[in-house]
Amino acid sequence: MKAMILAAGLGTRMRPLTDHCPKPLLPVAGKPLIVHHLERLAAAGFTEVVINASYRAEQLIQALGDGSRYGVELAFSVEAEPLETAGGLRHALALLGDAPFLLLNGDVWSDFPLEALSLQESDLANLVMVDATDFNDGDFHLDAAGRVHSGGEPKFVYAGVGVIHPALVASLVDGEPAKLAPLLIEAMRAGRVGGCHHRGDWVDVGTPARLAELEARLAQA
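Attention in this report is confined to the structure presented alongside it.

Rules of the game
- Numbering of residues begins from 1 in every chain and follows the order in which that chain's sequence is written.
- At least 70 in pLDDT is required for a residue's local features to be given in this predicted model, at least 80 for side-chain atom pairs to be given and counted, and no such filter applies to totals for whole chains, interfaces and linings, which use all residues.
- Computation of side-chain values covers all heavy atoms of the structure but excludes hydrogens and water.
- Remark: exposure states derive from per-residue accessible area (1.4 Å probe, protein chains only) relative to the maximum for the residue type, with buried under 20%, exposed over 50%, and partly exposed in between.
- Only DSSP runs of H or I reaching four residues or more are called helices, and only runs of E reaching two or more are called strands; each is numbered from the N terminus.
- Strands are treated as partners if at least two bridges between them are detected by DSSP.
- Orienting the strands away from the viewer, one traces the path from the first strand over the helix to the second; a clockwise path indicates a right-handed crossover.
- Using protein atoms alone on a 1 Å grid, points that fit a 1.4 Å probe yet trap it form a cavity, whereas open point sets bounded by protein on both sides within 12 Å along at least five of seven lines form a pocket; residues with an atom within 4 Å of a point count as lining.
- Grid points are joined across faces, edges and corners, and a volume is the space filled by probe spheres set on the points.
- Three categories are distinguished: nonpolar for Ala, Val, Leu, Ile, Met, Phe, Trp, Tyr, Cys and Pro, charged for Asp, Glu, Lys and Arg, and polar for the others, with Gly belonging to the last.
- Every residue pair with non-hydrogen atoms within 4.5 Å of one another is taken to be in contact.
- As used in this structure description, the phrase polar contact means that two N or O atoms lie within 3.5 Å; if the pair is within protein, one of them must be able to donate a hydrogen and the other to accept it, and residues adjacent in sequence are counted only when both atoms belong to side chains.
- Residues enter a nonpolar core if they are buried and are Ala, Val, Leu, Ile, Met, Phe, Trp, Tyr or Cys, with the set joined through side-chain atoms within 4.5 Å.

Moving on, we come to helix α1 (residues 33-43). Taken together, the buried positions of α1 are L33, I34, V35, H36, H37, L38 and L41. Once α1 ends, the next one or two residues include G45, with phi positive near 100°.

Moving on to the pairing of strand β4 (residues 48-53). If a strand is regular, its side chains alternate between the two faces of the sheet. Burial analysis of β4 places five of its six residues in the buried class, which makes it a mostly covered element. Of the pairings in the sheet, the one linking strand β1 (residues 3-6) to β4 comprises four bridges and is parallel in character. Bridge pairing in β4 links A3 to V49. Relative to strand β5 (residues 73-78), β4 runs parallel, the two sharing six bridges. Among the inter-strand pairings, N52 is bridged to a residue of β5, identified as S77. With helix α2 (residues 57-64) bridging β4 and its parallel neighbour β5, the resulting β-α-β unit is right-handed.

Let's shift gears to the layout of surface pockets. Space inside the largest pocket adds up to approximately 1,000 Å³. Surrounding the largest pocket, 38 residues form its lining, L6, E84, T85, N105 and D107 being those nearest its centre. Of all the elements in the fold, those that place two or more residues in the lining of the largest pocket are α3 (84-96), β11 (155-164), α4 (181-189) and β13 (202-204). With four residues, the top contributor of residues to the lining of the largest pocket is β11. Within the lining of the largest pocket, the residues separate by chemical class into 19 nonpolar, ten polar and nine charged. By volume, the second largest pocket is sized at about 160 Å³. The set of elements that each furnish at least two residues to the lining of the second largest pocket consists of β13 and α5 (208-220). Per-class residue counts for the lining of the second largest pocket are four nonpolar, three polar and six charged.

Turning next to the environment of Y55. Of note, Y55 is situated in the loop between β4 and α2. Judged by relative accessible area, which is 19%, Y55 ranks as buried. Along the chain, Y55 and L33 lie 22 residues apart, while their C-alpha atoms are 16 Å from each other. In this view, Y55 contacts A8, G9, L10, T18, D19, H20, C21 and P22; residues no more than four positions away in its chain are not counted. Within the structure, Y55 has its side chain in polar contact with the side chain of R56 (distance 3.4 Å).

What follows concerns the nonpolar core. Among the nonpolar cores identified, the biggest contains 45 residues, and L38, V49, I51, L64 and L102 are the most heavily contacted of them. With five residues, α1 is the single largest residue contributor to this core. Those residues within four positions of V49 in sequence are excluded, and the remaining contacts are A3, I5, L38, L41, V72, E73, L74 and A75. Grouped together as the second largest cluster of nonpolar side chains are 29 residues, M4, F140, L142 and L184 included.

This is how it looks when you write it as structure tokens:
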């Protein structure tokens, strides 16, 4: 299975840290956040990784190179302007191919075992869900059978980790921005989204304060 890391965002919530550096290259515990992802992917057995890039794309590409130093083979899907999540996935399909792929948000950190993820034959997505937080009261409902729904209680937060089937985004127009949530909700209503509840460590590294929180957490590890 190939993997894709979402790294094309502008990083506006991280300013001023991102004024001259793309968010994935911000250092955490001595190395860029995205390098933590690449090393974890390699350790989990992933060898081919696609990264979408837009804001300061050349800086990101130059810093990471071909991925060999991290034990993976990198390919970059460059967006002239950020295409949102679904639009970015559609633009990267030529690099991802026709098989399901692991999707990882570049601005999250977790200890979820990436090698444990798979996709049921009829599903379009399998999402890792975490408990609601003080800044996110939940996105979707995960039932006891491991199915994800747009409605219902309790709500869980999509952790930014999952497996996606290319068919979820294949009908989109390449190069046009598109959000992922509406496509997921449509697939949920068709009963084609599974999920699991991750009870381990997870950090949404979306602000300088949460970046500092992760830095402190990893320093104690």
